[in-house]
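Observations on the model geometry
Letter by letter, the chains look like this.
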Amino acid sequence: MGAVSESGDRGSANARAVARARAVLPGGVDSPVRAFGSVGGLPRTIASARGAYVTDVDGIAYVDLVGSWGPALLGHAHPEVVDAVRTAASRGLSFGAPTEGEAELAELVIDRVRVGSGGGALRPLEKMRFVSTGTEATMTAIRLARGATGRDLLIKFAGHYHGHSDGLLAESGSGVATLGLPGSVGVPEPIAGLTLVLPYNDLDAVRAAFAAHPGRIAGIITEAAGANAGILAPGPGFNRALVELAHAEGALVILDEVLTGFRVGPAGWWGLEAAADPYTPDLFTFGKVIGGGMPLAGLGGRAELMDLLAPLGPVYQAGTLSGNPLAVTAGIATLRLADADVYAQVDANATRVSAAVDAALTAAGVPHVVSHAGSLFSTAFRADPVRDYADARAQDAFRYPPFFHALLDAGIAPPPSVFEAWFLSAAHDDAALSRVEEALPAAAEAAAHARPRTA
Ligand SMILES: *Cc1c(COP(=O)(O)O)cnc(C)c1O
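What comes next concerns the included structure. The model shown is predicted, which means the values in this text are computed figures rather than measured ones. (Residues numbered from 1 in each chain as written. Predicted model: local features only at pLDDT ≥ 70, side-chain atom pairs only at ≥ 80, totals over all residues. Heavy atoms only, no water.)

All right, on to the sheet that holds strand E2 (residues 53–56) then. Sheet architecture is open: four strands sit in the order E1-E2-E3-E13, paired in mixed fashion. Each edge of the open sheet carries a strand with a single partner, namely strand E1 (46–50) and strand E13 (412–413). Here E2 runs beside strand E3 (residues 61–64); their pairing, made up of three bridges, is antiparallel. By the bridge assignment, Val54 is partnered in E3 with Tyr62. (Pairing = 2+ DSSP bridges. Helix = DSSP H or I, 4+ residues; strand = E, 2+ residues; numbered from the N terminus.)

This next bit is on the nonpolar core. If you look at the biggest cluster of nonpolar residues, it comprises 115 residues, and the most contacted ones within it are Val109, Ile155 and Phe403. For this core, the leading source of residues is helix H15 (residues 430–448), giving 10 residues. Summarising the domain contributions, this core has at least three residues from each of domain 1 (13–64 + 339–448) and domain 2 (80–337). Beyond its immediate chain neighbours, meaning those up to four positions away, Ile155 contacts Leu196, Leu198, Val206, Ala209, Phe210, Ile217, Gly219, Ile220 and Ile221. Listed in part, the 15 residues of the second largest apolar core include Ala145, Ile221, Leu305 and Val315. (Core = buried A, V, L, I, M, F, W, Y, C linked by side-chain atoms within 4.5 Å. Buried < 20%, exposed > 50% of the residue type's maximum accessible area, 1.4 Å probe, protein only. Domains from an automatic or database assignment. Contact = heavy atoms within 4.5 Å.)

As a further point, take the site of the ligand. Around the ligand, the structure places Thr133, Gly134, Thr135, Tyr161, His162, Gly163, Glu223, Asn228, Asp256, Val258, Leu259 and Lys288. Gly134 places a polar main-chain atom, nitrogen or oxygen, 2.8 Å from an oxygen atom of the ligand. At 2.7 Å from a nitrogen atom of the ligand is found a side-chain nitrogen or oxygen belonging to Asp256. For the ligand, whose unbound accessible area comes to 380 Å², protein coverage reaches 84%. In terms of residue class, the shell around the ligand is made up of three nonpolar, six polar and three charged. (Near = heavy atom within 4 Å. Polar contact = N/O pair within 3.5 Å; in protein donor to acceptor, adjacent residues only side chain to side chain. Areas by Shrake-Rupley, 256 points an atom, 1.4 Å probe, with all protein chains shown as cover. Nonpolar A, V, L, I, M, F, W, Y, C, P; charged D, E, K, R; others polar.)

Bringing helix H7 (residues 203–212) into the picture now. Buried within H7 we find Ala205, Val206, Ala209 and Phe210. One side of H7 carries all its buried residues, which in axial view fall inside an arc of 135°. Residues of H7 that are exposed and point more than 90 degrees away from the buried face comprise Asp204, Ala211 and Ala212. Close packing links the buried residues of H7 with strand E5 (153–157), strand E6 (195–198), strand E7 (217–223) and helix H8 (238–248). Of the residues that open H7, the one with a side-chain oxygen 3.2 Å from the backbone nitrogen of Asp204 is Asp202. (Arc of directions from axis to C-beta.)

Attention now moves to the packing of helix H3 (residues 100–112) against helix H11 (residues 325–337). Put simply, H3 and H11 touch, their axes get as near as 9 Å, and they point 35° apart. Seen from above, H3 lies across H11 with left-handed handedness. The residues of H11 that touch H3, namely those facing Gly101, Glu102, Glu104, Leu105, Leu108, Val109 and Arg112, are Val328, Gly331, Ile332, Leu335 and Arg336. Looking at the contact of H3 with H11 residue by residue, the classes come out as six nonpolar, two polar and four charged. (Axes fitted to C-alpha atoms, helices over the stretch in contact; angles between N-to-C directions. Left-handed = near helix turned anticlockwise from the far one by under 90°.)

This brings us to the pairing of strand E8 (residues 252–257). Look at any regular strand and the pattern is simple: side chains alternate between the two faces of the sheet. Counting buried positions along E8 yields six of six residues, so the element is predominantly enclosed. Here E8 shows no split at all, with Leu252, Ile254 and Asp256 on one side and Val253, Leu255 and Glu257 on the other all buried. Sheet topology note: the E7/E8 ladder contains five bridges and is parallel. Along E8, the bridge assignment pairs Thr222 with Leu255. Once you follow E7 into H8 and on to E8, the crossover reads as right-handed. Pairing of E8 with strand E9 (residues 283–286), which is carried by four bridges, proceeds in the parallel orientation. Looking at E9, one finds that Leu255 is bridged to Phe284. In terms of handedness, the path from E8 via helix H9 (residues 268–274) over to E9 forms a crossover that is right-handed. (Right-handed = clockwise from strand over helix to strand, strands pointing away.)

With that settled, the discussion passes to unusual backbone geometry. Omega for the peptide link from Ala310 to Pro311 comes to 15°, which places this bond in the cis form. Take Pro311: it is sitting in the loop between helix H10 (303–306) and H11. We note that Ser68 has phi near 60°; this positive angle belongs to a residue other than glycine. Summarising the element assignment, Ser68 is placed in the loop between E3 and helix H2 (79–90). The backbone of Phe262 sits at a positive phi, close to 60°, despite the residue not being glycine.

What follows is the structure, given as structure tokens:
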């Protein structure tokens, strides 16, 4: 369509890179949504990224609205983060022994995740453990909840994504939603059966689950704000009510802030909510921004719970590369740079782009809703608000691929699935944002003219 579609053309360096990858990597990727399965066409093979832009192997730069699925809060390759990592790399890549950086990052996280200050502050984190991926963080948090309560069952919500471990893929968001799968083959029924999948934003369903399984539910895991099946923000007071219900039943709450943590604000989604309406989840999980683009994630909570982890306690967890010095360095540098100005800029940028998306689709007469959770937003092609996963699926998803490709051809890279959030950074400047605004009207027209696929 536009002037810059060469990377989708057969003679391009990108086309050759995709063919090469597909021969030796399933789907040509190491994580499913990257393959463009739900939007069609060739994924762009990225050679480099800087600030608001990613550049593919044909040298075509795109305004990036994916941000590595969240980590790139400051923009790509922030010079101070890259310098810190380069310096750390010169001292060695991995030691398999404690480093000072791990304690420094833990202190930083523990200090940020609070509301208020001084003696009256609410501080839900006393200790952290660092791992390499969000999947490990949630897996370990669940094991800890089970170990602490001596119970087996776990509540999760439909459309929430907590990584790809067994037991968490049922009615999951992210790639599982994109591919329209009920879960995953290869998860044994006895394991899947330990997860109770409930509709989101439905406290009666939670009460009914506790009533049906008295004394058997170890905990509830919930995305702090649902952001993996499009944005599904929790209703006001929902997270606090979960904590109250769980605690009344002797169960724990794991607030999964892998995506929202340090992205929607300095103390994550919890910080936004708890400032006005305090509540205390038992365990938090973090990932994405916490590693500043390197493989790092973590879990934290009060000391008495966290000390149940080995070596102090009987709940086992370990990792050859856990707390990797380069990843910890990137995390420290990123969190130190992520100040109030950064969050104000990311908020303003997200407001500007989401308003432009909304206006373009409205002008083109396309039924849609834009859902928000802080600076995160997503579009659903339906007239009514999205409150749960069933709503998110009940949309004209066929409108997204032509919308997406019109943007891509214009040098804009939105998420390659209607079920993923759009991510802005503090590095998106007026030039980048104007480019997005200019491309949106034609993309909205393409969405307006889309027709459902017929078999
Ligand atoms: C991305 C994500 C995970 C999994 O993190 P990985 O690092 O991809 O394993 C877990 N929970 C939430 C809410 C996420 O968005």
